[in-house]
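Observations on the three-dimensional arrangement
So you can see what is in the structure, the chains are spelled out below.
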Amino acid sequence: MAKKDNLVVGLDIGTTKICAVVGEVTHDGIDVIGIGSHPSRGLRKGVIVNIEATIEAIKRSIEEAELMAGCDILSVYAGISGSHIKGINSHSIVSVKNKLISEKDIERVIDGASAVVMPMDREIIHVVPQEFIVDDQDGVKEPLGMSGAKFEANVHIVTASVSCIQNVIKCANRCGLNVNDVVLNPLASSYATLSDDERELGVVVIDIGGGTTDIAIHVNGSVVHSAVLPLGGNHITNDIAVGLRTPALEAEKIKQKYGCALSSLVNKDDTIDVPSVGGRRSRVLSRQILAEIIEPRLEEIFDLVRQEIIRSGYEDAIASGIVLTGGVSIMDGAPELAEQVFDYPVARSHPRGIGGLIDVVKSPMYATGVGLVLYGNERRQQARMRVRDEGVLIKARDKFKNWFEDIF
Ligand SMILES: Nc1ncnc2c1ncn2[C@@H]1O[C@H](COP(=O)(O)OP(=O)(O)OP(=O)(O)O)[C@@H](O)[C@H]1O
Ligand SMILES: [Mg+2]
């Protein structure tokens, strides 16, 4: 198959499905040109617990994506999740030598903020600058070239378990894939679902998948809090299987077809056919009973997210409200229930900010996969700009060198 050097591929290693999204960089953005998705059996609550099963599912999703995109996939931006993820905020101060802030000073101040004490079994996966402070002037986003003597930075640091990161990389490598970056899932989902206005005003992204609920809080345009809760749609399915005494596979089907997160929204006369276990006769039950099983579980998940928002200390800074995404957000009544629990405006969001085959990725389930592509594209652009800036600097230096040599 053809090799293309303008591809950015996101690999979302989820608890219920592994999906690869292929993006092609165009002159005005990025287009989805392929997607592959395969059921995932090697993860529990967002963490890889079976390497061989995960490798098999990655291979299948990559093959499917390659076939659709008509090209080889050599490298990916891989997502990571699980309750081992920890997000903390950090701060540092440096003095500026020539009172003119350079790239080196920015690197120095960010390095200083990243120098946090950590156990040996954890590794930093992201250092996201929140704001710079130049001579007590806060809220600076682009400090390069500014004058000042005292230079400070506030950053958000995300750490993860070393073995969990290594397992993600190992699985991808064993499928012949190079991993460009390991990216926190809620950060990726934010890239696919948020507008700049929402980030500025303050917003919480909640991505509820099969095994985890991923949270990212954005205030003043940057991430201020991130967390992963080990709860998701699989717990709702288990509750339905036990509550309605039906096999897990049937419970999953019933949930997706008839599930409603708010029992008050369900018509009292609606009924559902529920297959029984062990060859017993199926039963006809009220749809309201199903909603009464789903509602308390989803309410519990939202309540834990609410506690996480309070713990972050930013509950008064979320003017835009909540953005719900991930497979569970598709359920009828999910935004309405969230509005009751959080008392913020709630919107359900699917991936945006991308062109090409948008119809195939237009589901909240693909927020992380598409977000990984958008994140990867931004990284690529930043790297190109650095190379270009360095090129300009080297050219200028050589010009000056020749000029001096000519004179002396
Ligand atoms: N229409 C629907 N109604 C209710 N739930 C749904 C619907 N469609 C999908 N889901 C649920 O969404 C979950 C899968 O979502 P998603 O694909 O975002 O998870 P994942 O990325 O595989 O897992 P995770 O992010 O937790 O590791 C499953 O629990 C599934 O039952
Ligand atoms: Mg997911």
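Quantities reported herein were computed from a predicted structural model and do not represent experimental measurements.

A few words on the domain arrangement of the protein chain. One frequent convention defines the size of an interface as the accessible area lost when the parts assemble. Here the protein chain is partitioned into domain 1 (86-160) and domain 2 (233-298). Computed from C-alpha atoms alone, the centre-to-centre distance between domain 1 and domain 2 is 50 Å.

What the rule picks out here adds up to 16 salt bridges. The residue D239 makes a salt bridge to R297 at a minimum N-O spacing of 2.7 Å. Highlighted residues: D239 in helix α6 (residues 233-243) and R297 in helix α8 (residues 287-312), separated in sequence by 58 residues. A residue is classified by how much of its surface remains accessible, and D239, at 21% relative accessible area, is partly exposed. With its nearest N and O atoms 2.8 Å apart, the salt bridge here joins E308 to R311. Taken as a pair, E308 and R311 lie in helix α8 at a separation of three residues, close to a single helical turn. On the basis of relative accessible area, R311 is assigned to the exposed category, the value being 60%. Among the charged side chains, a network of salt bridges with common partners joins D136, K150 and E152.

With that settled, the discussion passes to the packing of α6 against helix α7 (residues 248-258). Axis separation between α6 and α7 bottoms out at 8 Å; the angle between their running directions is 110°. Put simply, α6 runs roughly perpendicular to α7. Here the hand of the crossing between α6 and α7 comes out right-handed. For the pair α6 and α7, contact is made by G233, I236, T237, I240 and A241 and by A248, A251, E252 and K255, respectively. Tallied by class, residues from the contact of α6 with α7 come to five nonpolar, two polar and two charged.

Criteria and thresholds
Sequence positions are assigned chain by chain, starting from 1 and proceeding in written order. Chains carry letters and ligands carry numbers; both start at the beginning, A for chains and 1 for ligands, and go up in the order they are written. Selection of residues for local features in this predicted model requires a pLDDT of at least 70, selection of side-chain atom pairs for listing and counting requires 80 or more, and totals for whole chains, interfaces and linings are taken over all residues. With hydrogens and water stripped out, all remaining heavy atoms of the structure feed into the side-chain values. Here the limits of each domain have been adopted from an automatic or database domain assignment. The working definition used for a salt bridge is a side-chain nitrogen of Lys or Arg within 4 Å of a carboxyl oxygen of Asp or Glu. Numbering goes from the N terminus for both helices and strands, where a helix is a DSSP run of H or I of at least four residues and a strand is a run of E of at least two. Note on classification: 1.4 Å probe, protein chains only; a residue is buried when its accessible area is under 20% of the maximum for its type, exposed when over 50%, partly exposed between these limits. Every axis corresponds to a line fitted to the C-alpha atoms, with the helix fit spanning only the stretch in contact, and the corresponding angles, defined between N-to-C directions, vary from 0 to 180 degrees. Just so you know how the angles are binned, under 35 degrees is roughly parallel, over 145 roughly antiparallel, 65 to 115 roughly perpendicular, and the rest oblique. In a left-handed crossing the near helix is turned counterclockwise from the far helix by less than a right angle, and in a right-handed crossing that turn is clockwise. Every residue pair with non-hydrogen atoms within 4.5 Å of one another is taken to be in contact. Gly counts as polar in this scheme, as do all residues outside two lists: the nonpolar Ala, Val, Leu, Ile, Met, Phe, Trp, Tyr, Cys and Pro, and the charged Asp, Glu, Lys and Arg.

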